[in-house]
Amino acid sequence: MKLSLGILLACCLAGLQFLAVTVVVYSYYVSSERVLLDHARNLLGDVGRNTIEHAKGFLSPARGAAELAARLAENRIIASDNARRVEQLLFQQLRIAPQFAGVYYGDRSGSFVYVKHSEGPGAYRSKIVKADGATRSTQLIWRDREFGVVDTRPDPMDQYDPRTRPWYQTAKSQAESVWTDPYIFFSSRKPGITVAAPVLTETGELQGVVGVDIEIDEISRFLAELRIGESGAAVIVNANGDVIAHPDQQLLQQITADGTFQFVDIQEIDDPVARAAFAGVSPGTGTVSQETYSTFIHEGQNYVTTVMPPISEQLPWTIAVFAPEADFIGSIKENRELNIWIAAGVACLTALIGVLLAHFIQRPVSAFAVRAALVSQGEIDPSTPTPKTYRELDLANETLMREISQRRQTEQVYGQTFDHSSHGMVQISQDTGRFIRVNQKFCEISGYRSEELLQKSVNDLIHPDDAVFLLTGRTDTQAINGDWRCMHKTGKVVWVNVNVIMIRDDKDMPQYYVATIADITETKKAAAKIKNLSRDLSHLARGQVLSQMASGLAHELNQPLTAIAQNADTAMLTAKEPNMPRPALMELLSDIEKQAHRAGEIIHALRNFAKKGEEERLPFDLRALLRHSLNLVRAEAAENGIRILVEDSKTPEVVGIRVQVAQVIVNLVRNSIEAMADSASAEREIRISTALAGEFVQIKLEDTGPGIPAGFELFTQFETTKPDGMGLGLSISRSMIEAMHGRLWLDKDYANGARFHVTLPVAEDVDADVGAISLSVHV
């Protein structure tokens, strides 16, 4: 169905409008999305850097306090062997930095001074351990905010030795300030970290170590107060994978098997978004070396994330800041959808206006089209003045009138014969050999559409092995006639008979060729098939079938003839006996009759098998033919100990050449007998069955022989598995069955011997709706 010009113009106008609006909206969306995502990246980077600076600012006082106390002790401003003076120094440091959980000093003799916040009876509690050789004493002192004593008591059970602690040993071995890995403080169950600074003599000898404990839950509170988009967050992970800061502090720690507390690993934390943000970052050596921006998807939602490099070698903490993309570009997406709906509305309105405008433009065009159709049909004269229209249509009208005149002239020359001819007809250029015009029949012969043929020449379709079919440059008027092979569009070969004549103008100048083409493929195939079949049947008749069956048939006929002779002699002797009972004589005569019928059936089957002249396809009873054909191989099968089983279903009559069908059956059965004759198999059987298969009756013959070797082309002429075979039997059999519109093939999937299938068409005038019955015949 062709569209009207009005609808086409309206659709084009509306489509262009919709496309333009969509391109503008989409380009705006893409550019806005890129800008906002870049802004989100910068924002996440700023948050990460602010978090790093906050962590540094939170922890640096502790390091400064530890190093200050160590320098004071080194410079003898505070005697490190004066426990009270050391306690007072540590007390002042603890009051200055409330984020400190505790400040302590341990010397090389094992003495220890520790000041920490306390819940009572005083605001602060000091623990002073004095070591005098192997003797150690521990004193607990609670003080108020002015360093006044509130309570004291000894603790004889406390044998704490600072020299055995990791913070002491690490500071001693490195001889500089060190940070420990974050851990959960035992008493407060809060996350914390320790910084330790060594106290050295002028000669570099260790006097002791000053340490500061810091509760780092303040960092988690800082992260919880951050506002990153609508629902973004930041998480800090240590080099070993422990999450040391999270907006939800309850997710940071877990209880171990021995009842202690430890940090939760990033891969185990109950925050799937945080796990996804760190999925591409391996703690430790796998952390990023620079600020890295990436995206990930969680539960169908896109996220953007920025991962910061570790804070420092002493603080190998990795910070990841992440947020949903929708927090930054969600409003842009909503606005894009609204703009698309607006564009659709504008397009609909534009389409309506376009229909009205197109209708106005189309009216003179429609009048022109109606006039052109009337002129083409001969209802009005081409010289009739044209209606008022556009100048371009006037020019088109003049061209159209010339084309109509030329077409009428062509139709007078060729009429309707060219297009509707039962043969293929073509016009061929005299100069180039290209097709100028083709009819539908030639399109069917070649398989090409007319548009495709007009792009080709004659030699493009002629088979490459045939003589070159040249028409260009010829000046003689003699017609060209011959058979050539034409290449079909699908690649198959089509035989065609071509008759070519040249058309000349009034001045006897060549114009073009006209060729009549007939498809003779089936004729060629039939001729070749008849030729091959006649040659093969001649070979078979002269050399193989009757000579190979002669000895077996002679033996088979000898049995009933011998039985007849013996029974006749016995009957004559019996008849001479005066008292011989009549029933015995009748029994002998009955056996003579039975053996005579048996010999007659064998001779009848042989006569039908060998007679000539039956070449017409006629309906016949396939079951009767099977019974007669098997009589010819009965003796050979019995001699080789082979049993033939016939499972015969009630099938309708088939159409074919009866003698040739019998020849195929005998050939297949004898092949099976010969294959099993030399076989060592204990089971020697040939099974024959018939069944109705649609419009065909199928015969299935299978044996228990050695089968067909793999890759052997069984139906190829002169190919045989027999030492003395000619290799023509199966080739001839297939040709005869196919000539009767049936099929013969080998079932290659059958593994217990060989199985052949033969199909023959059902006689059309016979009712094919019959029930199946089973009949077993043993030969």
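These numbers were taken from a predicted model, which means no experiment stands behind them. (Residues numbered from 1 in each chain as written. Predicted model: local features only at pLDDT ≥ 70, side-chain atom pairs only at ≥ 80, totals over all residues. Heavy atoms only, no water.)

A. Structural context of the overall build of the protein. Summing up its helical and strand segments, the protein has 18 helices and 29 strands in all. Of all 779 residues assigned to the protein, the portion counted as buried reaches 41%. A fraction of 56% describes how many contacts in the protein between residues 6 or more apart in sequence connect residues 24 or more apart. Carbon and sulfur atoms provide 53% of the accessible area of the protein, an area that totals close to 43,300 Å². (Helix = DSSP H or I, 4+ residues; strand = E, 2+ residues; numbered from the N terminus. Buried < 20%, exposed > 50% of the residue type's maximum accessible area, 1.4 Å probe, protein only. Contact = heavy atoms within 4.5 Å. Areas by Shrake-Rupley, 256 points an atom, 1.4 Å probe, with all protein chains shown as cover.)

B. Main features of helix α15 (residues 622-631). Burial within α15 is extensive, with seven of its ten residues counted as buried. If you check which residues of α15 are buried, you get Leu622, Ala624, Leu625, Leu626, Ser629, Leu630 and Asn631. Regarding α15, its N-cap is Asp621, as a side-chain oxygen of that residue lies 3.1 Å from the backbone nitrogen of Arg623 further along. (Polar contact = N/O pair within 3.5 Å; in protein donor to acceptor, adjacent residues only side chain to side chain.)

C. Summary view of the nonpolar core. Within the largest apolar cluster, 48 residues are counted, with the highest numbers of intra-cluster contacts made by Leu59, Ile193, Ile228, Ile236 and Trp317. Here the element with the most residues in this core is helix α2 (residues 83-96); it accounts for five residues. The next biggest cluster of nonpolar side chains, apart from the first, holds 41 residues, and it includes Leu622, Leu632, Ile644 and Ile732. (Core = buried A, V, L, I, M, F, W, Y, C linked by side-chain atoms within 4.5 Å.)

D. Main features of the pattern of salt bridges. Under the definition given, this model contains 20 salt bridges. Where Asp508 meets Arg504, a salt bridge forms, and the shortest distance between an N and an O atom there is 3.7 Å. Residue Asp508 is classed as partly exposed on the basis of its relative accessible area of 49%. Note that Arg670 and Glu636 form a salt bridge whose closest N and O atoms lie 3.2 Å from each other. You can see Arg670 sitting in helix α17 (residues 658-677) and its partner Glu636 sitting in helix α16 (residues 634-639), a full 34 residues away along the chain. Arg670 sits in the buried class, given a relative accessible area of 8%. Look at the salt bridges and you will find they share partners, linking Arg643, Glu683, Glu685, Arg687, Glu702, Asp747 and Arg755 into a network. (Salt bridge = Lys/Arg side-chain N within 4 Å of Asp/Glu carboxyl O.)

E. Just the sheet that holds strand β17 (residues 424-429), in detail. Across the sheet, five strands lie side by side as β18-β17-β21-β20-β19; this open sheet has antiparallel pairing. Whereas interior strands pair on both sides, the edge strands pair on one side only; in this sheet they are β18 (435-438) and β19 (480-487). Ignoring which end each strand starts from, the neighbouring axes of this sheet average 30 degrees apart. Pairing analysis gives nine bridges linking strand β20 (residues 493-504) to strand β21 (residues 510-519), with the strands arranged antiparallel. (Pairing = 2+ DSSP bridges. Axes fitted to C-alpha atoms, helices over the stretch in contact; angles between N-to-C directions.)

F. Seen up close, the sheet that holds strand β14 (residues 292-298). Read across the sheet, five strands follow the order β11-β10-β16-β15-β14 without closing on themselves; strand pairing throughout is antiparallel. Among the strands making up the open sheet, the edge pair consists of β11 (243-245) and β14. On average, adjacent strands in this sheet sit at an angle of 35 degrees to one another, irrespective of strand direction. Pairing of strand β10 (residues 233-237) with β11, which is carried by two bridges, proceeds in the antiparallel orientation. By the bridge assignment, Val237 is partnered in β11 with Val243.

G. Representation of a nonpolar patch on the surface in the model. Taken together, the side chains of Leu349, Leu352, Ile353 and Leu356 make up a nonpolar region of the molecular surface, amounting to roughly 430 Å² of accessible area. Here Leu349 is to be found in helix α6 (residues 326-377). (Patch = residues over 30% accessible without salt bridge, like charges linked within 9 Å, V, L, I, M, F, W, Y side chains within 5 Å.)

H. Layout of the environment of Val514. With respect to the secondary-structure elements, Val514 resides in strand β21. Between the C-alpha atoms of Val514 and Val426, which are 88 residues apart in sequence, the distance is 5.7 Å.

I. Broad picture of the packing of aromatic side chains. Under the defined criterion, the tally for this structure stands at eleven aromatic pairs. Centre to centre, the rings of Tyr104 and Phe112 are 5.7 Å apart; their planes meet at 45 degrees, and the pair counts as tilted. Judged on exposure class, the residue Tyr104 and its partner Phe112 are both buried. Relative to Trp167, the ring of Phe112 has its centre 6.4 Å away and its plane inclined at 45 degrees; by these criteria the two rings are tilted. Taken together, the residues span a long stretch of sequence, with Phe112 in strand β2 (residues 112-117) and Trp167 in helix α3 (residues 166-174) at a distance of 55 residues. By the burial criterion, Phe112 is buried, and Trp167 matches it. Ring pairs connect the aromatic residues Tyr104, Phe112, Tyr114, Tyr160, Trp167 and Tyr168, which therefore count as one cluster. The ring centre of Phe147 lies 3.9 Å from the NZ or CZ of Arg143, which sits over that ring. (Phe/Tyr/Trp six-rings, centres within 6.5 Å; stacked < 30°, edge-to-face > 60°. Lys NZ or Arg CZ within 6 Å of the ring centre and 35° of its normal.)

J. Main features of the environment of Ala754. Along the chain, Ala754 turns up in strand β28 (residues 754-761). Owing to a relative accessible area of 6%, Ala754 belongs among the buried residues under this scheme. In the structure, Ala754 is positioned 53 residues away from Leu701 in sequence and 8.2 Å away in space, judged by C-alpha atoms. Each residue touching Ala754, except ones within four places of it in the same chain, is listed here: Leu701, Glu702, Asp703, Gly707 and Ile708.

K. Just the side chain of Asp161, in detail. For Asp161, the position within the fold is in the loop between β5 (149-154) and α3. In this structure Asp161 touches Gly110 and Arg136, once residues within four positions along its chain are discounted.

L. Spotlight on the pairing of β28. Across the eight residues of β28, eight count as buried, placing the element largely inside the fold. Residue alternation in β28 divides its side chains into two sets, Ala754, Phe756, Val758 and Leu760 and Arg755, His757, Thr759 and Pro761, and both sets are buried. The sheet contact formed by strand β26 (residues 696-703) and β28 spans eight bridges and is antiparallel. Paired with Lys700 across the strands is His757, a residue of β28. One ladder, built from four bridges, connects strand β27 (residues 743-746) with β28; its direction is antiparallel. Paired with Arg743 across the bridge in β28 is Thr759.

M. Representation of the environment of Tyr750 in the model. Summarising the element assignment, Tyr750 is placed in the loop between β27 and β28. You can call Tyr750 buried: its relative accessible area is 15%. As for Tyr750 and Ile708, which are separated by 42 residues in sequence, their C-alpha atoms are 9.9 Å apart. The residues contacting Tyr750, other than those within four sequence positions of it, are Arg687, Glu702, Asp703 and Arg755.

N. Examining unusual backbone geometry more closely. Going from Gly120 to Pro121, the amide bond is cis rather than trans, its omega being 5 degrees. Despite not being glycine, Ala175 shows a phi value in the positive range, around 55 degrees. Inspection of the secondary structure assignment puts Ala175 in the loop between α3 and β6 (178-179). We note that His741 has phi near 65 degrees; this positive angle belongs to a residue other than glycine. Tracing the backbone shows His741 in the loop between α18 (729-739) and β27. His741 sits in the exposed class, given a relative accessible area of 54%.

O. Spatial organisation of α3. Buried residues of α3: Trp167, Tyr168 and Ala171, and no others. Summarising the axial view, the buried residues of α3 lie within an arc of 100 degrees, below the 170-degree limit, and thus occupy one face. Every exposed residue of α3 that faces more than 90 degrees away from the buried side is listed here: Pro166 and Ser173. Directly after α3, the chain includes Ala175, whose backbone phi takes a positive value near 55 degrees. (Arc of directions from axis to C-beta.)

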